[in-house]
Amino acid sequence: MTLFDVRKRDGLARIGNLKISEEEFIRTPAVIDAKNLFPSLFERDHSNVPLSAPQSDVDKYFVEGDEPKAVHPLAVSPKQSGVLIFPNWNNTLSDSKRYTELLETLLPKIPCDSARYAPTSALPSNVSSLIYTGFDLFDYTAVDLCTVQEKFCTAEGEFDASYMEKGVCDCEGCRKKDLGLHNRLALAREVEFAKTWIERTQMREFMEMRCRLSAEQVGLIRRIDRTETFDYAMPIVRSSRFLANAGESIYRREIERFEERLISRYVPPRSDVCVLLPCASRKPYSMSRSHQMFMRVVDTRAHEVIVTSPLGVVPRELELVYPAGHYDVPVTGYWDREESAILVEYLAKYLKKHHYDRVICHLEGGAKAVAIEASGEAGVSLEFTCNDDRPLSQDSLRALNNSLQDCRRMRNDYIRGTLLWQFGEEVNTKGWITKGRYPAQKIYEKKTQIFSIDAETGLLRPTHEGWKYIGGYRIKISDGFTPQGDILAPGIDSCDGNILEGDEVFVEGSGYLATGKAAMGAFEMRNSKRGVAVRVRKTKK
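Residues numbered from 1 in each chain as written. Predicted model: local features only at pLDDT ≥ 70, side-chain atom pairs only at ≥ 80, totals over all residues. Heavy atoms only, no water.

Student: Any chance you could break down the overall build of the chain for me, citing the residues and the numbers?
Tutor: Of the regular secondary structure elements, the chain holds 16 helices and 27 strands. In terms of overall size, the chain behaves like a compact globule, its C-alpha atoms giving a radius of gyration of 26 Å where 541 residues would be expected to give roughly 24 Å. Projected onto its principal axes, the C-alpha coordinates of the chain cover approximately 85 × 60 × 50 Å. Looking at the 541 residues of the chain, the share that counts as buried comes to 58%. (Helix = DSSP H or I, 4+ residues; strand = E, 2+ residues; numbered from the N terminus. Rg over C-alpha atoms; globule rule 2.2 N^0.38 Å. Buried < 20%, exposed > 50% of the residue type's maximum accessible area, 1.4 Å probe, protein only.)

What follows is the structure, given as structure tokens:
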């Protein structure tokens, strides 16, 4: 029997090890020779029931079989298996709505630590979308069929076999004039290429690049973004750059979650005045020349809120938190209607939820237009200090300074704001001391360190003493179980349902305490029998 371990996640996409025998492993995602690996599959009856079959036919005919066990949306959940096969998945590839609905039905009911095999589906032009949506194993059937049809397969699509003579590829198959070998190598190469992007935690960026030539794949990425069922697999933070280079980028789940927490968890510091500021290309914003000038003028007399695309709203205290401190976006000075409408919605919700006596708009261009429309929806009046559309001009900065002339100073508390956003905890941080060079700082209560800032993600890392300020994000391990190193999923007895991959967590057991970072979300912790659940940073026994 095979065993599958997930070694790295990037949303639904995974890198794993499929153990075939004591000596043989397959590193997924991978293309396999299904006939050699699963010979019984070619003698199996009644597992190939169409996905559109009615319940009566599934009850009558469907058999999950031996490994790889078959799955069907109308069948009962399969038993634990190293590999699960999704029969007839190739019939969903041209229908992004059907594809997404079936995934939404199947993924929550199947074992998390089973490799997912999509037979007869993978081509170099679509395998990135299969990997992006959680599939691990593929075969050569589809490319071999293209060879019979005299089609030349590339990541950009399928072309006439004559393209082999055009010099667009220099693989072994092309050098030997062997179309079948070229097609197989093209598929294997694309799978390996996708694997490198998972390792970089930028599979989304790779998918946005690859989907451009296929309407079905563009439709798929858009539908996945709008399906909350898959939230359990989306990490809370990534350490990689967030490249917002496509129209679909504005719908990424990281952005929506960031803004949702601004409404449901975050509370601004006590200030009567809010200043809306433009973003900067350098991150964090406060390290840029423009924002250093803004901060000198504002001089803590107002709460600074950055209006930016694609994020929407970023309070100054959260400028380090992913994705606010990690995104790159093409700067054109133009925001299209769809983009503007989404940003208006984010800003209007923020202004409705968090009341200020005065809101000063120090914006230009598209950001200014967004602020004007959002303020109208929120019923808020704006004061303008950037009438020449040059936020850094002496006249604009002088106008901003004059508008704040009689305002009292406030405390811009990065720690309080991040605690609210990250854990939903309102904590009195008075008396806490911050040491170190921003952003890699440590926070002390008197002489005891209670937090440090993870400069890669912007999140707070609590020490054992810091966890006394946080009520949630706890994991309970089984009694009598004392881990030696990282926490594995089988040892977890219970966990906070809010935990997502990348969250800071506190592990409690009989005579054992540990701080660390979640390597999987709560759903997978509860439903996995293998794999690392928590990367432990420090223990206390």
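Student: Break down the pattern of salt bridges for me, with residues and values.
Tutor: The tally for this structure, following the rule as stated, stands at 39 salt bridges. The closest approach of N and O atoms between Glu192 and Lys195, which form a salt bridge, is 2.9 Å. Here the residue Glu192 and the residue Lys195 both occupy positions in helix α7 (residues 179-199), the gap between them amounting to three residues, near one helical turn. Taking relative accessible area as the criterion, Glu192 reaches 41% and is therefore assigned partly exposed. Classification of Lys195 by relative accessible area gives buried; the value is 3%. Put simply, Arg316 and Glu304 hold a salt bridge, and the shortest N to O gap is 2.6 Å. Of the two residues, Arg316 sits in the loop between β14 (312-315) and β15 (327-328) while Glu304 sits in strand β13 (residues 303-308), which places them twelve residues apart along the sequence. Across this residue pair, the class does not change: Arg316 and Glu304 are buried. Each of Asp10, Glu205, Arg238, Arg252 and Glu254 takes part in a single network of salt bridges with overlapping partners. (Salt bridge = Lys/Arg side-chain N within 4 Å of Asp/Glu carboxyl O.)

Student: So, helix α15 (residues 414-423): which residues are in play, and what are the values?
Tutor: By the criterion of burial, α15 is predominantly enclosed, with nine of the ten residues buried. Lining the buried residues of α15 we find α10 (253-264), β18 (432-435), β19 (442-445), β20 (448-453), β21 (460-462) and β25 (504-509). Phi for Gly424, located one or two positions after α15, is positive at around 70 degrees. (Contact = heavy atoms within 4.5 Å.)

Student: So what about the sheet that holds strand β12 (residues 273-278)? Which residues, and what values?
Tutor: With mixed pairing, the five strands of this open sheet are ordered in space as β14-β13-β12-β16-β17. The sheet terminates laterally at β14 and β17 (382-384), the two strands that pair on one side only. Neighbour-to-neighbour, the strand axes of the sheet open up by a mean angle of 30 degrees, direction not taken into account. Against the sheet, helix α13 (residues 365-378) engages β12, β13, β16 (358-361) and β17, with an angle of about 155 degrees to β17. (Pairing = 2+ DSSP bridges. Axes fitted to C-alpha atoms, helices over the stretch in contact; angles between N-to-C directions.)

Student: I'd like to hear about the environment of Leu18, residue by residue, with values.
Tutor: By secondary structure assignment, the location of Leu18 is in strand β2 (residues 13-19). With 97 residues separating them in the primary sequence, Leu18 and Ala115 have C-alpha atoms 7.4 Å apart. Residues contacting Leu18, with those up to four places away along its chain left out, are Thr2, Leu3, Phe4, Glu24, Phe25, Ile26, Thr28, Gly82, Val83, Ala115 and Leu137.

Student: Talk me through the environment of Glu64; I want residue IDs and the actual numbers.
Tutor: Here Glu64 lies in the loop between α2 (55-61) and β5 (69-70). Between the C-alpha atom of Glu64 and that of Asp45, which follows or precedes it by 19 residues, the distance is 9.6 Å. Excluding residues that lie within four positions of it along the chain, Glu64 makes contacts with Arg44, Lys69, Ala70, Pro78 and Lys79.

Student: Before we move on, can you summarise helix α9 (residues 215-225) with the specific residues and values?
Tutor: Three or more residues of α9 are buried, namely Gln217, Val218, Gly219, Leu220, Ile221, Ile224 and Asp225. On its buried side, α9 packs onto α3 (96-106), α4 (127-132) and α8 (203-210).

Student: An account of the environment of Leu392 is needed here, citing residue identities and associated values.
Tutor: Note on placement: Leu392 falls in the loop between β17 and α14 (394-403). Residue Leu392 is classed as partly exposed on the basis of its relative accessible area of 31%. Separated by 29 residues in the primary sequence, Leu392 and Leu363 place their C-alpha atoms 10 Å from one another. Among all residues touching Leu392, those that are not within four sequence positions of it are Arg289, Ser290, Met293, Phe294 and Leu397.

Student: Describe the pairing of β16, listing the residues and the values that go with them.
Tutor: Each regular strand carries side chains that alternate between the two faces of the sheet. Examined bridge by bridge, β12 and β16 share four bridges and lie parallel to one another. Each residue of the ladder has a partner; that of Val275, found in β16, is Ile360. As judged from the three bridges shared by β16 and β17, these two strands associate in the parallel manner. Bridging across to β17, Val359 finds its partner in Leu382.

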